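# Breakdown of the fold
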Amino acid sequence: MFLTSLFSLSPLLLLLALLPSTPAQDHPSFSFNNFKAPSPNLTLDGIAEFTPSGLLALTNGTRQRTGHAFYPTPFLFKPSPNSTASSFSTSFIFSIIPEYPTLSGHGIAFVVAPAPHLPGALPSQWLGLFNGTNNGNSTNHVVAVELDTITSSEFQDINDNHVGIDINGLKSDVPHPAGYYSSNGRFQNLSLISGKAMQVWVEYDGGKKEMNVTMARVRSPKPSTPLLTLSKDLSPFLNQNMYVGFSSSTGSVTTSHYILAWSFKMNNGLADGFDFSQLPKLPRIGPKKVSRFLTIGLPLICLVLVSGVVSGVVYYVGRKRKFAEVLEDWELDYGPHRFKYKDLYIATKGFREKGLLGSGGFGRVYRGILPTSKIEVAVKRVSHESRQGMKEFVAEIVSIGRMRHRNLVQLLGYCRRKGELLLVYDYMPSGSLDKLLYDQPSCTLNWQQRFRVIRGVAAGLFYLHEGWEQIVIHRDVKASNVLLDGELNGRLGDFGLARLYDHGTDPQTTHVVGTLGYLAPEHTRTGKATTSTDVYAFGAFLLEVVCGRRPIEPRAAAEDLVLVDWVFSFWSRGEVLRTVDPKLGSEYVVEEVELVLKLGLLCSHSEPVARPNMRQVVEYLEGDIPLPELKLMGISAAGLMFAHREGFDDFALSYPSSMDKAFTHSYSVAESQLSGGR
């Protein structure tokens, strides 16, 4: 009987004899760069196993199973049962590879537990940690960091891709979407089921009673800002001796959970880092592609090759033809100013109507974004056919492109293709001035904005006439060619008709080009454009901006047809302020308005010698010199008529035949209303 009792107690005695052989460690550490043979000393249960490549596989794709891996020796987390928990640190590299890219079978958890096993734990949403009976029990003495890939409403999960700190249950004390904070403080999301390796750091400071969890992509430095922080004393939840390890489980969707490397340290600082060169390789995601080359017959291969060659040739020829350009030897000197048609085609998305900014007698203008530099531009398409003097014209365009002034729209370059010329300008986001004067009555420019535009255009025109290495005659100064930038500053644009000549010489141009209402009387008689004809057009522009009327109103009464004559008639009666745009109301500076109206009349004088030059115009507008009395300049009711009605009528009859039809276009009064700016 005694012997029988002795033998029945022998297993218990044997167990008691073995307990001292595994004492708790108070200052230990360990580090695994991989789990290759000989297999490391870890306690595995469930379906956990070591793979030949050196991975710790907690699960292997089997449904509804759990897997655990614990370090076999307990650690001394508290010097005595009632003392404060010590600091500890761990780091591990993991990967979760689901069977399907967008579906996962639950996640993985780092665990601090009272034993190297979790009896009664269930798979699926329980992560192999708890079950429906013990979840949340204070007697569990389990602290875990979960990497969860399923939203479980019963645990109040925040989403299906989160990290959380769990104490005795799966309702996380501190959850956060998976990811990390970059050096500039911005949160970067990480997908736990991406199949990629990621590193996690878990650190508990026993002095501060604070736990931090941080994660990042593998081989990336540890972020300075933790992903989540739990300020709580873990002492009440931890036994004196505890085990550390991992737990995972699968659900109805098969998923493989891997640990690639693991390090742990008690008390003395951070856990060791890893030698990334020794990390094991993850298994291939998806089946290996099998080549079917041998299953394809030679005739089919030949057919495909021939079809491909034919299609390639057709595509190449068609593309070359589609983007064909005119390029002559003399243009090689203008390389930086010559744009490729292909780039402009891509920039404007095929010159589609949606990007059309405007159109007129000289072409259509499209908005675009250059594919390489991403600069916004406006591209004007002008028909040139077989225009004589194209070499000289392009030379002038390139020369104008070298001008720099804040009140000029920058001409960036050109492109020639078949029967058209394309001019490329800086894009002005606020559009042309005439659209704000006439087409948008709900959006009215106030007087301060109009006066600033006037002074800006005057400064730009003065630069063209006197401030550059050559004299530039714009030949088409008008409201539709004044563009506004984002701050509504006026910029003179559209240099398609501009001509250059050296200082001290006379211009040789004899073609009548421009827009009716802005053409000086002597220009219509001689065809010769000068700086003085630009001043005349600027005078019409001044009156247009103040009065809100076009230089020629074909639907107006005969006496009101020409804006200059209409303003002159009011000035002669001493009622010039009655010509101010009604949309301005009384919100304007009387002295500035009178100055601009009188200057507009002076610039529109029928005699070129009576007009001021642009240097004087700028000085008048800036208040540097006083404007002379108009009567002293020969402008009175009994004096000169501005529009020279007789000359105007003669020109209106002969105008179509007086234009250079090779490039510019013939204009009528109706066409002048359509002549849009860039």
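Reference entry: report on the structure contained in this document. (Residues numbered from 1 in each chain as written. Predicted model: local features only at pLDDT ≥ 70, side-chain atom pairs only at ≥ 80, totals over all residues. Heavy atoms only, no water.)

Further remarks concern the overall build of the protein chain. Looking only at helices and strands, one finds 13 helices and 27 strands in the protein chain. Burial statistics for the protein chain: of 678 residues in total, 51% are counted as buried. For the protein chain, the share of sequence-separated contacts (at least 6 apart) that also reach a separation of at least 24 residues comes to 67%. For the protein chain, the accessible area works out to roughly 31,900 Å², and carbon and sulfur atoms hold 54% of it. (Helix = DSSP H or I, 4+ residues; strand = E, 2+ residues; numbered from the N terminus. Buried < 20%, exposed > 50% of the residue type's maximum accessible area, 1.4 Å probe, protein only. Contact = heavy atoms within 4.5 Å. Areas by Shrake-Rupley, 256 points an atom, 1.4 Å probe, with all protein chains shown as cover.)

Interhelical geometry of helix 6 (residues 447–467) versus helix 11 (residues 614–622) gives an angle of 155 degrees and a closest axis separation of 9 Å. Of the possible angle classes, the one that applies to helix 6 and helix 11 is roughly antiparallel. Read as a crossing pair, helix 6 and helix 11 show a hand that is left-handed. Residues F451, I454, R455, A458, A459, L461, F462, H465 and E466 of helix 6 touch helix 11, and the partners they reach there are M614, R615, V617, V618, L621 and E622. In terms of residue class, the contact of helix 6 with helix 11 is built from 10 nonpolar, 1 polar and 4 charged. (Axes fitted to C-alpha atoms, helices over the stretch in contact; angles between N-to-C directions. Parallel < 35°, antiparallel > 145°, perpendicular 65-115°, else oblique. Left-handed = near helix turned anticlockwise from the far one by under 90°. Nonpolar A, V, L, I, M, F, W, Y, C, P; charged D, E, K, R; others polar.)

The next subject is the pattern of salt bridges. Summed over all chains, the structure comprises 15 salt bridges. The shortest N-O distance in the salt bridge between K222 and E203 comes to 2.4 Å. Remark: E203 occurs in strand 14 (residues 198–205) and K222 occurs in the loop between strand 15 (210–217) and strand 16 (228–231); sequence separation between them is 19 residues. A relative accessible area of 17% places E203 in the buried class. Of the charged contacts, one joins R402 and E469 as a salt bridge, the two residues approaching to 3.0 Å between their closest N and O atoms. Within this pair, whereas R402 is found in the loop between helix 4 (390–400) and strand 22 (411–417), its partner E469 is found in the loop between helix 6 and strand 24 (471–473), the two being separated by 67 residues in sequence. Overlapping salt bridges, with partners in common, bring together R573, E575 and R578 in one network. (Salt bridge = Lys/Arg side-chain N within 4 Å of Asp/Glu carboxyl O.)

Between its first and last C-alpha atoms helix 8 (residues 531–547) spans 24 Å; for 17 residues at 1.5 Å apiece the expected length is 24 Å, and the two agree. Structurally, the start of helix 8 carries an N-cap: the backbone nitrogen of S532 is 3.2 Å from a side-chain oxygen of T530. Two residues or fewer after helix 8 comes G548, characterised by a positive phi angle close to 70 degrees. (Expected span 1.5 Å × (residues − 1). Polar contact = N/O pair within 3.5 Å; in protein donor to acceptor, adjacent residues only side chain to side chain.)

Okay, the environment of R499 next. For R499, the position within the fold is in strand 27 (residues 499–501). In this structure the C-alpha to C-alpha distance between R499 and R475, which are 24 residues apart in sequence, comes to 7.7 Å.

This part takes up the nonpolar core. One finds M403, L433, L464, F495, F538, F541 and V567 to be the most contacted residues of the largest nonpolar core, which totals 80 residues. Here this core takes 10 residues from helix 8, the largest share from any one element. Once residues within four sequence positions are removed from consideration, M403 is found in contact with L408, Q410, Y463, L464, W468, V472 and F495. F35, Y204, F246 and W262 belong to the second-largest nonpolar core, a separate cluster that totals 50 residues. (Core = buried A, V, L, I, M, F, W, Y, C linked by side-chain atoms within 4.5 Å.)

This part covers the packing of aromatic side chains. Following the criterion strictly, the structure yields 28 aromatic pairs and no others. Arranged with centres 6.0 Å apart and planes meeting at 25 degrees, the rings of Y341 and F351 form a pair that is stacked. Taken together, the positions of Y341 in helix 3 (residues 341–347) and F351 in the loop between helix 3 and strand 19 (356–360) put the pair 10 residues apart, joining distant regions of the chain. For the pair Y341 and F351, one class covers both residues: buried. Considering the side-chain rings of F351 and Y366, the 5.3 Å spacing of their centres and the 80 degrees angle between planes classify their relative orientation as edge-to-face. Highlighted residues: F351 in the loop between helix 3 and strand 19 and Y366 in strand 20 (residues 363–369), separated in sequence by 15 residues. Each of the two residues, F351 as well as Y366, counts as buried. The positively charged end of R381 is found above the aromatic ring belonging to F351, 4.1 Å away from the centroid. Directly above the ring of Y438 sits R550, whose terminal nitrogen or CZ lies 4.0 Å from the centroid. (Phe/Tyr/Trp six-rings, centres within 6.5 Å; stacked < 30°, edge-to-face > 60°. Lys NZ or Arg CZ within 6 Å of the ring centre and 35° of its normal.)

The next subject is the side chain of T90. You can see T90 is positioned in strand 7 (residues 88–98). Within polar-contact distance, the side chain of T90 engages the side chain of W262 at 3.0 Å.

Before going further, it helps to examine unusual backbone geometry. Phi is positive for Q156, close to 60 degrees, though the residue is something other than glycine. Structurally, the position occupied by Q156 is in the loop between strand 9 (143–148) and strand 10 (162–167). Take Q156: its relative accessible area is 54%, and that puts it in the exposed class. Positive phi, normally seen in glycine, also occurs at N168, with a value near 65 degrees.

Turning our eyes to something else, we now look at the environment of F70. Turning to its location among the elements, F70 is positioned in strand 5 (residues 66–70). Each C-alpha atom, one on F70 and one on A115, is 8.9 Å from the other, the two residues being 45 residues apart in sequence. Setting aside its immediate chain neighbours within four residues, F70 contacts L42, T43, V111, A113, A115, P116, H117, L118, Y243, V244, G245 and F246.

Turning to a nonpolar patch on the surface, a few remarks are in order. A grouping of L300, L303 and V304 is seen on the molecular surface, where their side chains present a nonpolar patch of about 290 Å² in accessible area. Secondary-structure assignment places L303 in helix 2 (residues 298–322). You can call L303 exposed: its relative accessible area is 53%. (Patch = residues over 30% accessible without salt bridge, like charges linked within 9 Å, V, L, I, M, F, W, Y side chains within 5 Å.)

Just distances and angles here, no functional claims.
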